[in-house]
Amino acid sequence: RAVAMSVSHSSRLNKLVREQYMRLPQDGLVQVTYVWIDGSGEGVRCKSRTLNKEPKSIKDVPEWNFDGSSTAQAEGSNSDMFLVPVRMFRDPFCLDPNKLVLCEVLKYNRKPAETNLRHTCKKVMDLVKDSHPWFGMEQEYTLLGINGHPYGWPDNGFPGPQGPYYCGVGADKVYGRDIVESHYKACLYAGVKICGTNAEVMPSQWEFQVGPCEGIEMGDHLWMARFILHRVCEDFGVVATLDPKPMTGNWNGAGCHTNYSTEEMRKEGGLKHIEAAIEKLSKRHDYHICVYDPRGGRDNSRRLTGHHETSNIFEFSAGVANRGASIRIPRQVGQDGYGYFEDRRPAANCDPYAVTEAIMRTTVLNETGVETKDYADH
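Fair warning: this is a prediction, and the values are worked out from it, not measured in the lab. (Residues numbered from 1 in each chain as written. Predicted model: local features only at pLDDT ≥ 70, side-chain atom pairs only at ≥ 80, totals over all residues. Heavy atoms only, no water.)

1. Observations concerning the environment of His307
By secondary structure assignment, the location of His307 is in the loop between helix H8 (298-301) and strand S11 (318-320). In the structure, His307 is positioned 17 residues away from Gly324 in sequence and 7.6 Å away in space, judged by C-alpha atoms. (Helix = DSSP H or I, 4+ residues; strand = E, 2+ residues; numbered from the N terminus.)

2. With respect to the pairing of strand S5 (residues 99-106)
Most of S5 sits out of view: eight of its eight residues are buried. Judged by which residues are buried, S5 turns out to be covered on both faces: Lys99, Val101, Cys103 and Val105 on one side and Leu100, Leu102, Glu104 and Leu106 on the other are all buried. Taken together, the four bridges between strand S1 (residues 30-37) and S5 define a ladder with parallel strand orientation. Looking across to S5, one finds that Thr33 is bridged to Leu100. With eight bridges connecting them, strand S4 (residues 80-90) and S5 associate as antiparallel partners. (Buried < 20%, exposed > 50% of the residue type's maximum accessible area, 1.4 Å probe, protein only. Pairing = 2+ DSSP bridges.)

3. Re helix H10 (residues 352-363)
With twelve residues, H10 extends 16 Å from end C-alpha to end C-alpha; this agrees with the ideal 16 Å at 1.5 Å per step. For H10, a buried count of twelve out of twelve residues is recorded, marking the element as mostly surrounded by other parts of the structure. What H10 keeps buried is the set Pro352, Tyr353, Ala354, Val355, Thr356, Glu357, Ala358, Ile359, Met360, Arg361, Thr362 and Thr363. Its side-chain oxygen placed 2.8 Å from the backbone nitrogen of Tyr353, Asp351 serves as the N-cap of H10. (Expected span 1.5 Å × (residues − 1). Polar contact = N/O pair within 3.5 Å; in protein donor to acceptor, adjacent residues only side chain to side chain.)

4. Focus on the pattern of salt bridges
Scanning the entire structure with this criterion turns up 25 salt bridges. For Asp299, the salt bridge goes to Arg295, with nearest N and O atoms at 2.6 Å. Asp299 sits in the buried class, given a relative accessible area of 7%. The structure contains a network of salt bridges with shared partners spanning Glu42, Asp243, Arg295, Asp299 and Arg302. (Salt bridge = Lys/Arg side-chain N within 4 Å of Asp/Glu carboxyl O.)

5. Notes on helix H2 (residues 118-127)
Within the span of H2, buried status applies to Arg118, Cys121, Lys123, Val124 and Met125. The inward-facing, buried residues of H2 contact S4, S5, strand S6 (134-144), helix H4 (217-236) and H10. (Contact = heavy atoms within 4.5 Å.)

6. A look at the domain arrangement of the protein
Assigned domains within the protein: domain 1 (10-115) and domain 2 (125-364). Using only C-alpha atoms to locate each centre, domain 1 and domain 2 end up separated by 26 Å. Together domain 1 and domain 2 conceal approximately 2,000 Å² of surface at their shared face, both sides included; 66% is due to carbon and sulfur atoms. Residues Asp220 and Arg87 are paired through a salt bridge, measuring 2.7 Å at the closest nitrogen-oxygen approach. Along the contact surface separating domain 1 from domain 2 lie six residue pairs in polar contact (both at pLDDT 80 or more). Secondary-structure elements contributing two or more residues to the side of domain 1 that touches domain 2 are helix H1 (15-22), S1, strand S2 (44-51), S4 and S5. In terms of residue class, the side of domain 1 that touches domain 2 is made up of eleven nonpolar, three polar and seven charged. (Domains from an automatic or database assignment. Buried area = accessible area lost by both parts, 1.4 Å probe. Nonpolar A, V, L, I, M, F, W, Y, C, P; charged D, E, K, R; others polar.)

This is how it looks when you write it as structure tokens:
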């Protein structure tokens, strides 16, 4: 008996008909899709316009605007918000010469919108650029049917317990690989620095990794990878959620583990610099927990329980090859004496700008306590 999966109506439209139109020439005109973070701090929005020629750099893409009252970013009486292009990618959906453009959002007075966390992150990254910070972020997510139930799970009940699903192979082990591989290819085409993917511990949960990226590039590439993920899922008629604990009970949550190093950590003898950075992080645990999810730690409190490969949210810990610690030093790094470390605390729905900025403030700018310093424009 055929089972009707819970997918969206639009995904059932005839995609071959769409391809007929996608092949039509554009006569030198270019579609540019502007992408931005909305007032939730988690959602992305987009809209498109025509340019008369292909932009060769971000400077060739003009500013634009949108109705902030419809994205929880402005009042209706003063709703225009500015879209300021910051990074350009190839468009894997409409293909060359069309572009995807990530934008910062500014208010009517040209001050950053509340959820524009890129603005201060860029300022901090400019300050610390001589330390050449590299990041790699591991984005976990869960595929859901349009009904909100994990994709591929039984309609009434649960799959077998965790164990065979992580990096699994086979129709009874993994759900939605078509989506994952399409997303991977789309990111490569776009120029996103995606570097890997795997099935995760909970069935219908997946992960992709972005990096290494230096400085502000990390947040830019991860946000565009998220946009592409949601857009690919739209085509397949399913939903990707970044909720840190989409299923209660004996199931793994979803994080965004953040791998980090400075130039001195990557050199011979760098382990002492890694240990010094971890010592600084240990004294500022509460501050980091507050910025590692969009709700000041409330989302992560559902995930960081000390179980399911997590540390306890109330305690800071570090260890070599320890996936139950706040900070993990990879075994190879411990043996080599240099490399990087992994902060396992960020939630799947974290803002990568907030996470990378916080790490730099603590480990390079030597900030302490829960307050952050306001630096003048560099």
